[in-house]
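Each chain is listed here by its residues.
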Amino acid sequence: MVDFGDILKTIGDFGFFQKLIILGLSFPNFLLPVSFCSFLFIQSDPERHCNTDWILRAAPNLTIDEQLNLTLPREKDGSFSRCRMFVPVDWNISTIRNYGLSNTTECMHGWVYGNMLYETTVVTDFDLVCGKSNMAEVAQTIFMFGLLAGSLIFGPLADLYGRRRTTQLPAVLLLTFVIVAGMSPSFEIYVVSQFIVGAALGAYRINSVVLATEWIGITKRSFASCMSQLFAGLGQCAMAGLVYVVRDWRKTQYIVAGAQSFVVLYIWWIPESARWLLWKGRTDEAKKLIRKVAAINKKEPPETLLDEVTREQQVRSGGIKEIFTSRVLIKRIFIISFAWFSLNLGYFSLILNVGKLGLNIFLVQFLFGISEAPAHLLCIWVLEFLGRKKSLISTLLTGGLVCLLTLAFSQDSAVAITALVTTGKFFLNWAGSVCMVYIQELFPTSVRQTAVGLGSLAFRVAGLLSPLLNMLAVYHHSVPIIVFSSLAVVSGALVFLLPETSRKELPDSTIDGKDSGVTTNKTTGNDFIWTVNISMKSTKL
């Protein structure tokens, strides 16, 4: 059986085509972080008071101070109430001044906002204050559920219907519902659109990376994952700059929609994964694509090689069942998913607390994005130098232990704690890049996208749990740090049980995807040990 890696070597495993497809599929990741801006760049408790313009019908010439004095009750500290007003009456202004008003009610006609950092936010547009003050967090949670749903649904679909379709559809959904979110007349429509945007975002991230990776040869295979992460980090910097200049959340939605429309135009030219087509038995389509790629890379594939692929390739079953009927693949999905869960729990727990540094929010967001760039660039080089296994073990253990070191300092040691937390976040983020590369190489083509979807599910669940973990700090500030740091260290130790996949071909079948020296008895489905290494699978046994 001819490996697809052998074909890649003849048509160019990192030629102009591969560089073009990495750029085309990574660029949308630069735009994706802007989807977060509507609930990241907000003032959750803006300066405000009830709209009491009703009194202007009785006296149109009232000054603002007079209007507030006559229509708003005061708090114990002497300030005007931010959530209540006097009940409107049909009296003349003289009677109101002489007798005053005493009955109060919740704001009946909305709020008037002042001293705003932004022109408009979802909080001010939908009045998410007072009794609805927790709705901004609800929107963020629903968005995170969307990310989780996208990973869970589109991962298996990509194994059934192809990488190309399940990359194109999320791109179209993103364009459509980013616009819907910007035009939302109500909070309910905004929340539904954000859920779909989150699902599309989660789906695009995992499917686009796998599509690009399956076209790349052994030595440069980490480029697709690391470059998509790098573009996302740079997108965080761009998001900070965009919101700093355009402080209207609806306008930012329209701007990102305009850029996303460019993506939707060219995404149709991205080809399907030839590796997936071969696995599905669609060899004629695969041969046409291989020839086109060879022409772009200015190579000439031997016809005898293509004929051998056509003759020997056959359709194989796949899906989630294939993972959970193999003890080897179960072990792999558990370990890599647990590692992804642990590092993301720590990463988001740290991110959600950085706002306490007291720095300018635009500067903090820019620094978050720019600080991630070195991690993703280093990841490309270190993955080839150390390999996947050692890279993941070292980043998880270092990130977890550095975060644990913060407990050696008092809470007053702001500089030391900030330095350690920043270092820990750097290594956990680095570990995330390694996980994305590693999980694709641990599983065969038949279940690769499903495995990535399951791993991303664990990743997203950690994002949902991180705010709850931080709430445990009310018992003691060290509790969240101990939990996520310990999990990172434990997951790093478990990675010792995984095989090294560096400089090995992506597995195409379940047998290929197992540990070195392990195969499957096709009669009984039980795992047993061969004495011959699977790297010699092309040899007749």
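Residues numbered from 1 in each chain as written. Predicted model: local features only at pLDDT ≥ 70, side-chain atom pairs only at ≥ 80, totals over all residues. Heavy atoms only, no water.

**Structural notes on the overall build of the chain**
Here is step 1: Tallying secondary structure elements over the chain gives 21 helices and six strands in all.
Here is step 2: Expressed as a percentage of the 541 residues in the chain, the buried residues total 53%.
Here is step 3: A separation threshold of at least 6 residues defines the contact pool for the chain, and within that pool the share at least 24 residues apart is 78%.
Here is step 4: Just so you have it, the chain exposes about 24100 Å², and 64% of that area is on carbon and sulfur atoms. (Helix = DSSP H or I, 4+ residues; strand = E, 2+ residues; numbered from the N terminus. Buried < 20%, exposed > 50% of the residue type's maximum accessible area, 1.4 Å probe, protein only. Contact = heavy atoms within 4.5 Å. Areas by Shrake-Rupley, 256 points an atom, 1.4 Å probe, with all protein chains shown as cover.)

**Things to note about the pattern of salt bridges**
Side chains bearing opposite charge may pair, as long as their charged atoms lie close to each other.
Here is step 1: Under the definition given, this model contains eleven salt bridges.
Here is step 2: The partner of Asp45 in a salt bridge is Arg48, and the shortest N-O contact between them spans 2.8 Å.
Here is step 3: A relative accessible area of 8% means that Arg48 is categorised as buried.
Here is step 4: As a salt-bridge pair, Asp45 and Arg82 come within 2.6 Å of each other at their nearest N and O atoms. On the criterion of sequence distance, the pair formed by Asp45 in the loop between helix 3 (37–40) and strand 1 (47–50) and Arg82 in the loop between helix 4 (64–71) and strand 2 (84–86) is long-range, its members being 37 residues apart.
Here is step 5: The class of Arg82 is partly exposed, set by a relative accessible area of 28%.
Here is step 6: Put simply, Asp159, Arg163, Glu214 and Arg448 are held in one network by salt bridges that share partners. (Salt bridge = Lys/Arg side-chain N within 4 Å of Asp/Glu carboxyl O.)

**Some thoughts on the packing of aromatic side chains**
Here is step 1: For the coordinates displayed, the defined rule picks out 18 aromatic pairs.
Here is step 2: Relative to Trp215, the ring of Phe4 has its centre 6.1 Å away and its plane inclined at 70°; by these criteria the two rings are edge-to-face. Taken together, the residues span a long stretch of sequence, with Phe4 in helix 1 (residues 4–11) and Trp215 in the loop between helix 9 (187–213) and helix 10 (222–245) at a distance of 211 residues.
Here is step 3: Since its relative accessible area comes to 2%, Phe4 is described here as buried. (Phe/Tyr/Trp six-rings, centres within 6.5 Å; stacked < 30°, edge-to-face > 60°.)

**Overview of a nonpolar patch on the surface**
Here is step 1: A contiguous nonpolar surface patch, about 380 Å² in accessible area, is contributed by Leu234, Leu363, Phe366, Leu367 and Ile370.
Here is step 2: Of all the elements, helix 17 (residues 361–386) adds the most residues to the nonpolar patch, at four residues.
Here is step 3: As for its position among the elements, Leu234 is in helix 10.
Here is step 4: Among the residues examined, Leu234 registers a relative accessible area of 31% and is labelled partly exposed. (Patch = residues over 30% accessible without salt bridge, like charges linked within 9 Å, V, L, I, M, F, W, Y side chains within 5 Å.)

**Quick word on the packing of helix 1 against helix 13 (residues 283–296)**
In a packed pair of helices, the relevant descriptors are the angle between the two axes and the axis-to-axis distance.
Here is step 1: Packing of helix 1 against helix 13 leaves a shortest axis separation of 9 Å and a crossing angle of 35°. Within the contact between the two elements, helix 1 uses Phe4, Ile7 and Ile11 and helix 13 uses Ile290, Val293 and Ala294.
Here is step 2: Of the residues assigned to the contact of helix 1 with helix 13, the class counts are six nonpolar, no polar and no charged. (Axes fitted to C-alpha atoms, helices over the stretch in contact; angles between N-to-C directions. Nonpolar A, V, L, I, M, F, W, Y, C, P; charged D, E, K, R; others polar.)

**A short note on the environment of Thr445**
Here is step 1: Mapped onto the fold, Thr445 is located in the loop between helix 19 (414–442) and helix 20 (448–471).
Here is step 2: Here Thr445 falls in the buried class, since its relative accessible area comes to 0%.
Here is step 3: Between the alpha carbons of Thr445 and Glu214 there is a distance of 8.8 Å; along the sequence they are 231 residues apart.
Here is step 4: Among the polar contacts made by the side chain of Thr445, one reaches the side chain of Arg448 at a distance of 3.2 Å. (Polar contact = N/O pair within 3.5 Å; in protein donor to acceptor, adjacent residues only side chain to side chain.)

**Brief notes about the environment of Gln236**
Here is step 1: Summarising the element assignment, Gln236 is placed in helix 10.
Here is step 2: Overall, Gln236 belongs to the buried group, its relative accessible area being 16%.

**Thoughts on the state of the cysteines**
Here is step 1: Evaluated as defined, the whole model comprises two disulfides.
Here is step 2: Across the disulfide from Cys50 sits Cys107; the S-S distance is 1.7 Å. Negative torsions about the S-S bond denote left-handed disulfides, and the value of about -65° found for Cys50 with Cys107 makes this one left-handed. Here Cys50 is found in strand 1, whereas its partner Cys107 is found in the loop between strand 3 (104–106) and strand 4 (111–114), with 57 residues between them in sequence. Here Cys50 matches Cys107 in class, with each residue buried.
Here is step 3: There is a disulfide in this structure between Cys83 and Cys130, and the S-S distance comes to 2.0 Å. Note on the Cys83 and Cys130 pair: the S-S dihedral is about -90°, so by sign convention the disulfide is left-handed. Linking Cys83 in the loop between helix 4 and strand 2 with Cys130 in the loop between helix 6 (122–125) and helix 7 (135–161), this pair joins segments that are 47 residues apart in sequence.
Here is step 4: Numbered by order of appearance in the sequence, the disulfide-linked cysteines of the chain pair as 1-3, 2-4.
Here is step 5: The thiol of Cys379 is unpaired, and the distance to the nearest cysteine sulfur, on Cys226, comes to 3.3 Å. (Disulfide = S-S within 2.5 Å.)

**Points about the nonpolar core**
If you look at soluble globular proteins, the nonpolar side chains tend to sit buried side by side.
Here is step 1: Residues Tyr190, Trp215, Ile336 and Leu392 are the most contacted members of the largest nonpolar core, which totals 137 residues.
Here is step 2: Here this core gets twelve residues from one element, more than from any other, and that element is helix 9.
Here is step 3: Those residues within four positions of Leu392 in sequence are excluded, and the remaining contacts are Ile336, Ala431, Val434, Cys435, Tyr438 and Val495. (Core = buried A, V, L, I, M, F, W, Y, C linked by side-chain atoms within 4.5 Å.)

**Topic: helix 7**
Here is step 1: End to end, helix 7 covers 37 Å across 27 residues, agreeing with the expected 39 Å (1.5 Å per residue, within 8%).
Here is step 2: Positioned one or two residues after helix 7, Gly162 has a phi angle of 105°, which is positive. (Expected span 1.5 Å × (residues − 1).)

**Describing the environment of Val402**
Here is step 1: Inspection of the secondary structure puts Val402 in helix 18 (residues 388–405).
Here is step 2: Between the C-alpha atom of Val402 and that of Val421, which follows or precedes it by 19 residues, the distance is 7.5 Å.

**Quick look at helix 10**
Here is step 1: The end-to-end C-alpha distance of helix 10, which contains 24 residues, comes to 35 Å, matching closely the 34 Å that a straight helix rising 1.5 Å per residue would cover.
Here is step 2: Most of helix 10 is tucked away: 18 of the 24 residues are buried.

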